Amino acid sequence: MPHDVLARMPPELVPLAELALDLWWSWNPGGPELFGAVDRERWSAGGMNPVKLLRDVAPGRLDVLRRDGEFLARLRKVHDAWAADHARPSRFSDVATPEHPIAFVCAEFGVHSSLAIYSGGLGVLAGDILKEASDSAVPLVGVGLFYRRGYFHQRLDRAGWQHEYWIAANPEELPIVQEPHRVTVRLRGRDVQAAIWRVQVGRIPLYLLDTDVPENDPTSRFITSTLYVGDRALRLMQYAVLAIGGVRALRALGIEPTLFHLNEGHASLAALELLRERRAEHAPFAEALAEVRSRVVFTTHTPVAAGNERYDVGEVAAVLDGLAEQVGISDDELHGLAGGKSGADGRYFGVTELALRTSRSTNAVSKRHGEVARGMWQHIWPGLDVHDVPITHVTNGVHLPTWMSPPMRELLDRHLGDGWIASRDPAVLARIFEIPDEELWAVRSRLRADLVAYVRAKAVTDRLARGESIAYAESASSTFDPGVLMLGFARRVASYKRLHLIVHDPMRSIGLLRGHRLQVVIAGRAHPQDDGAKSIVKTVLDLRHVEEAGSRVAFLEDYDLAVAPAVVAGCDVWLNLPRAPLEASGTSGMKAALNGGLNLSVLDGWWSEAFDEGRNGWGIASANEANEALQDARDAETLYGLLEREIMPAFYDRDAAGIPRDWIRRLKASLHCVASGFTTKRMLDEYASRIWRAGASR
Ligand SMILES: *Cc1c(COP(=O)(O)O)cnc(C)c1O
C-alpha cells in the first residue's frame, strides 16, 4: 500500500515524498537541508520529521517549490544519489543474498528521533547497524516491534524529580507502510494478531510487528504499546510477538533468511519457532536442533544480571501455555535449552540461556565483555575451562555518517578527499595527522559554540517549563561560554553508569566550576521504575542553586536522538564512569571522538581496547571492587585528579597563535583511532567474515 503522502504531492515533488519515505535522507549530505528548505519553522517544530512536514506544509508553499528551479535542482541531486545507492549491487554474496538475507531481530531500533522505537544504546546501535548494512550493501532485513507510544519522555519537576509521559505516534505521520499480511501468536490461550509495518532504512527494510489492531482484546493491543513495559508477563508477550511473530512475519512476506541474528536475549524465542517448524516436518529433535543452530547467531549485550531476564516455569505457562508441546518437544528438552543448572533451582526459563544454546555462534560486544561473558556463562558448558567457553567478541562501533557532524565531515572531506568514507583506506585515514591544527581547532570551536547556543536555548525552556525563576532560567544564557572547556555526560541514567561520581565530593566539584574554566552538560533518562537512578538525577540537579557554580551545569531534559548529535559533537571531554566491568561496550564516547572530543573514561568496554596509554584521551583504571563505596571513592579521586592536574591545564595551554598543540595532538590520535577501528563499517566487516559466514565460527 503506497503511503498517503505520495498522493498529496504535485508531480514535480513526488521525488521529495519518495525521499521522505526512506530514512536514507537522515544520514546523507543534502537530505536534512532539503527538507529544512521546504519550511524551516515547521521542520524544526515538527521534530525533523519529513512525512509530517509534507502533510502539514501549506499547499501554497508546495506550489512555490514546484516552480522553484533551484530547489528542484537540489532535489534532483539528492534523489539521484538515493536512486544510485539503491541500484548498487549487493555485496557479501558469500554470506547472504537479496533472496536469502540475514534477518536481524532486535527489540528496539534507534534510526531517527522521529521514529521513537528505541530507549538507549542497544537501539541506537541496532539503528546504526541497519544504516551501515545499507551503506555496505549487505543483504539484511530488520525485525522489530512498532511501539505506538514508544519510550517515555522525561520531565523534571522543580524539586528535580523525574516524571514520565508518553505520546502516541500517528502512523500517518511516519515513514511506514502497512503490509497486507497479519500473523498470529498464541498468548494466554488466545490468538493475538499482529499487523506488519515496513520502514525503509536505505536499502534495508525494517519490519515492525504491531498488536494494536481492533481484533485484539485491550491487553493484547497494549503488548506493543511501549518499550519494555513494567509487567513481566506483558514483557514476555512482547518478546514472543517480536521473536515468534517475527519469524512468522518473514514467512508471510515470502522472505527466506539464510541466517537469523538474534540481537540480545529478547529475541531468543525465534529459535524455538524455527525448531517448531522443523519438528512439524517430523525432524527428530537432535537433527532439528542442529539445523536451527546452523542458522542462528546471537549477540549478548549486557553483563548486568537484570538485563538477562529469567522467568519461572509458572510465569512462562501463564503466557505461553503448553510451550514445549507447541514446539513439539518435551518439557525436559525445553528445560535443557532454556533452563539453568540441573536441580530444582535450575527450573527457570532464561532468555539468554535459550539463545546461547540454540545459536551456532555467540559474541560479546567488546574484548573485555567477551572475558566477562565467558565467566558469566561458563555454567552453560559444564566441564569447559573458562577460556574455552565458546563466546567470542566483536567490538561495537558507530555509524560514521550519522555521528560525524557536518563541519567535521566537511573538513575531512577536504583533506581526505571524496570517497574516504566508503573506502576507509588506512593510508587515507592517516592524513588526519596532517590536517593543520588551526583548522581542526576552528572546527572544535565552532562545534562548542553550536552546543553553547543549543544549551542556552534549551536549558532556558527546560527550566521555565519546570517552574524555575526567570533569573535562574536565564542564567544559562549568560554563563555558558564558547571559550570554556565543555565536559559532557549523556546516556541512560542506570545506577552502574555512576553519574553520581560527578558530585562525589560536592565541594571539590563546586571549586572546579567556580573558576570559570569548566562547564558541564548532563543528560539522561532514568528507567521509570528505578527510583535510585531518579535520586541521582535529583542530587546532581541540586547543584543548581550553588552560587557561581550551579549555572555552569546544564541538565538537558529528555535525552534522545534529537538531543544527542549536538551534545556528542560539542563536548571537549566526554565522560563515562561505569562500574567496571558492567559496561559491555558503550558507544557514545566513539561519537564524541568522531567530532574531536576526548574521552575521560573508566577503562571498561570499548575504551579499555582503544585507550592508548594517554595519547588519545584519559583512562580511569577501576579495579573490580566488592566494596562499591570504596570503588566509587577511588575512581572519583582519580577523576578529580585528572581534571585538575592534566585535563584543564592541557586545554588552556595555548601557544602564541592561541592553539592548544598538545590537546590537538591527542585529538588527532583519538579521531584517527575511532574512525579506523570503532565504526560500524569495521564492525560489519568483522561480523561478515567471522560470524555470519557459514562455518566461520567455532
Ligand atoms: C549512543 C547513545 C546511547 C548509548 O550511550 P552509551 O555510551 O553506550 O551509554 C544512548 N542514548 C542515545 C540517544 C545515544 O545516541
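Presented here is an overview of the structure given in this document. (Residues numbered from 1 in each chain as written. Predicted model: local features only at pLDDT ≥ 70, side-chain atom pairs only at ≥ 80, totals over all residues. Heavy atoms only, no water.)

Looking only at helices and strands, one finds 31 helices and 19 strands in the chain. For a compact globule of 698 residues, the expected C-alpha radius of gyration is about 26 Å, and the chain comes in at 25 Å, within 12% of that figure. When the 698 residues of the chain are sorted by exposure, 60% land in the buried category. Relative to all contacts within the chain whose residues are 6 or more apart in sequence, the contacts with residues 24 or more apart total 72%. Taken as a whole, the chain presents about 25,700 Å² of accessible surface, with 53% of it coming from carbon and sulfur. Both charge centroids of the chain, one from 80 positive and one from 90 negative side chains, sit 1 Å from each other. (Helix = DSSP H or I, 4+ residues; strand = E, 2+ residues; numbered from the N terminus. Rg over C-alpha atoms; globule rule 2.2 N^0.38 Å. Buried < 20%, exposed > 50% of the residue type's maximum accessible area, 1.4 Å probe, protein only. Contact = heavy atoms within 4.5 Å. Areas by Shrake-Rupley, 256 points an atom, 1.4 Å probe, with all protein chains shown as cover. Lys, Arg positive; Asp, Glu negative; His and termini not counted. Charge placed at Lys NZ, Arg CZ, Asp CG, Glu CD.)

Attention now moves to unusual backbone geometry. Cis peptide bonds are those with omega within 30 degrees of zero, and the linkage from Ala 580 to Pro 581 qualifies with 0°. Along the polypeptide, Pro 581 turns up in the loop between β17 (573–576) and α27 (588–593). Positive phi is not limited to glycine here, since Tyr 228 has a value of about 45°. Among the secondary structure elements, Tyr 228 is positioned in the loop between α9 (218–222) and α10 (232–252). Positive phi values are uncommon outside glycine, yet Glu 264 reaches one of about 80°. Structurally, Glu 264 is set in the loop between β8 (259–263) and α11 (269–280).

To continue, consider the pattern of salt bridges. In total, this model carries 56 salt bridges according to the counting rule given. Residues Arg 278 and Glu 281 are paired through a salt bridge, measuring 2.1 Å at the closest nitrogen-oxygen approach. On the accessibility criterion, Arg 278 (15% relative accessible area) is buried. With relative accessibility at 53%, the residue Glu 281 sits in the exposed group. Here the salt bridges share partners, and the residues they tie into one network are Asp 437, Glu 438, Asp 655, Arg 661 and Lys 668. (Salt bridge = Lys/Arg side-chain N within 4 Å of Asp/Glu carboxyl O.)

What follows concerns α11. Residues lying three or four places apart along an α-helix face the same way, a consequence of the helix completing one turn every 3.6 residues. With 12 residues, α11 ought to run about 16 Å at 1.5 Å a step, and its terminal C-alpha atoms sit 17 Å apart, in line with that. Of all the 12 residues making up α11, nine are buried; the element is thus mostly covered by neighbouring parts of the structure. When α11 is considered as a whole, its buried residues turn out to be Leu 269, Ala 270, Ala 271, Leu 272, Glu 273, Leu 274, Leu 275, Glu 277 and Arg 278. The first or second residue beyond α11 is His 282, which carries a positive phi of 70°. (Expected span 1.5 Å × (residues − 1).)

The subject of this paragraph is the packing of aromatic side chains. Where two aromatic rings form a pair, the distance of their centres and the angle of their planes describe that pair. Under the counting rule described, the total for this entry stands at 15 aromatic pairs. For the pair Trp 25 and Phe 35, a centre-to-centre distance of 5.6 Å together with 75° between the ring planes defines the contact as edge-to-face. On the criterion of sequence distance, the pair formed by Trp 25 in the loop between α2 (14–20) and α3 (31–38) and Phe 35 in helix α3 is long-range, its members being 10 residues apart. Phe 35 gets classed as buried once you look at its relative accessible area, which sits at 0%. Taking 5.5 Å as the distance between ring centres and 65° as the angle between the ring planes, the aromatic pair formed by Phe 146 and Trp 197 counts as edge-to-face. Taken together, the residues span a long stretch of sequence, with Phe 146 in the loop between β2 (140–145) and β3 (153–156) and Trp 197 in strand β6 (residues 190–201) at a distance of 51 residues. (Phe/Tyr/Trp six-rings, centres within 6.5 Å; stacked < 30°, edge-to-face > 60°.)

Let's shift gears to the environment of Glu 132. Mapped onto the elements of the fold, Glu 132 is located in helix α8 (residues 121–135). Sequence spacing of Glu 132 and Gly 202 is 70 residues, and the spatial spacing of their C-alpha atoms is 9.4 Å. Excluding its chain neighbours within four sequence positions, the residues that come into contact with Glu 132 are His 399, Arg 424, Thr 680, Lys 681 and Leu 684. Among the polar contacts listed, one links the side chain of Glu 132 to the backbone nitrogen of Lys 681, at a separation of 3.5 Å. (Polar contact = N/O pair within 3.5 Å; in protein donor to acceptor, adjacent residues only side chain to side chain.)

Further remarks concern the sheet that holds β2. Spatially, β5-β6-β7-β2-β1-β8-β9-β12-β13 is the arrangement adopted by the nine strands of the open sheet, whose pairing is mixed. Two strands in the sheet have a free side with no partner beyond their single neighbour: β5 (176–187) and β13 (391–393). Between one strand axis and the next, the sheet turns through 25° on average, direction left out of account. Pairing of β2 with strand β7 (residues 204–210), which is carried by four bridges, proceeds in the parallel orientation. When the sheet's bridge partners are listed, Val 143 is paired in β7 with Tyr 207. Running at roughly 140° to β7, α8 makes contact with β1 (102–105), β2, β6, β7 and β8 of the sheet. Strands β1, β2, β5, β6, β7 and β8 of the sheet are contacted by α10, whose axis makes an angle of about 120° with β5. (Pairing = 2+ DSSP bridges. Axes fitted to C-alpha atoms, helices over the stretch in contact; angles between N-to-C directions.)

Here the focus is the environment of Thr 679. Within the fold, Thr 679 resides in the loop between α30 (661–677) and α31 (680–692). Owing to a relative accessible area of 1%, Thr 679 belongs among the buried residues under this scheme. Placed 674 residues apart in sequence, Thr 679 and Val 5 show a C-alpha to C-alpha distance of 34 Å. With near-sequence residues (within four places) excluded, Thr 679 lies in contact with Gly 397, Val 398, Leu 400, Arg 424 and Val 674.

Moving on, we get to the site of the ligand. Near the ligand, the surroundings consist of 14 residues, among which Lys 497, Gly 586, Thr 587, Ser 588 and Lys 591 are the closest. Interatomic distance of 2.7 Å between a side-chain N/O atom of Lys 497 and an oxygen atom of the ligand. Across the complex, the protein chains shield 95% of the 390 Å² of accessible surface that the ligand would expose by itself. Elements with a contribution of two residues or more to the shell around the ligand: α8 and α27. Partitioned by chemical class, the residues of the shell around the ligand number five nonpolar, five polar and four charged. (Near = heavy atom within 4 Å. Nonpolar A, V, L, I, M, F, W, Y, C, P; charged D, E, K, R; others polar.)

The subject of this paragraph is empty space enclosed by the protein. On inspection of all chains with the given rule, the structure shows two cavities of 30 Å³ or more. Considered as a void within the structure, the largest cavity measures approximately 150 Å³ in volume. Surrounding the largest cavity, 15 residues form its lining, Leu 487, Ile 502, Ser 509, Leu 518 and Val 520 being those nearest its centre. When contributions to the lining of the largest cavity are tallied by element, the ones reaching two or more residues are α24 (506–514), β15 (518–523) and α29 (628–652). (1 Å grid on protein atoms, 1.4 Å probe; cavity = no way out; pocket = protein on both sides within 12 Å on 5 of 7 lines; lining within 4 Å. Points joined across faces, edges and corners; volume = space filled by probe spheres on them.)

It is worth spelling out the pairing of strand β12 (residues 361–364) at this point. With burial as the criterion, each face of β12 is covered, one bearing Ser 361 and Asn 363 and the other bearing Thr 362 and Ala 364. The pairing of strand β9 (residues 296–299) with β12 spans three bridges and is classified as parallel. Residue pairing across strands places Phe 298 opposite Thr 362, the latter belonging to β12. Bridge count between β12 and β13: three bridges; the pairing is parallel. Of the residues in β13, the one forming a bridge with Asn 363 is Thr 392. Handedness of the β12-helix α17 (residues 367–376)-β13 crossover: right-handed. (Right-handed = clockwise from strand over helix to strand, strands pointing away.)

In this section: the side chain of Asp 210. Locating Asp 210 in the fold gives a position in strand β7. A polar atom in the side chain of Asp 210 sits 2.9 Å from the backbone nitrogen of Asp 212. Setting aside residues no more than four positions away along its own chain, Asp 210 makes contact with Phe 146, Arg 148, Gln 193, Ala 194, Ala 195, Trp 197 and Thr 224.

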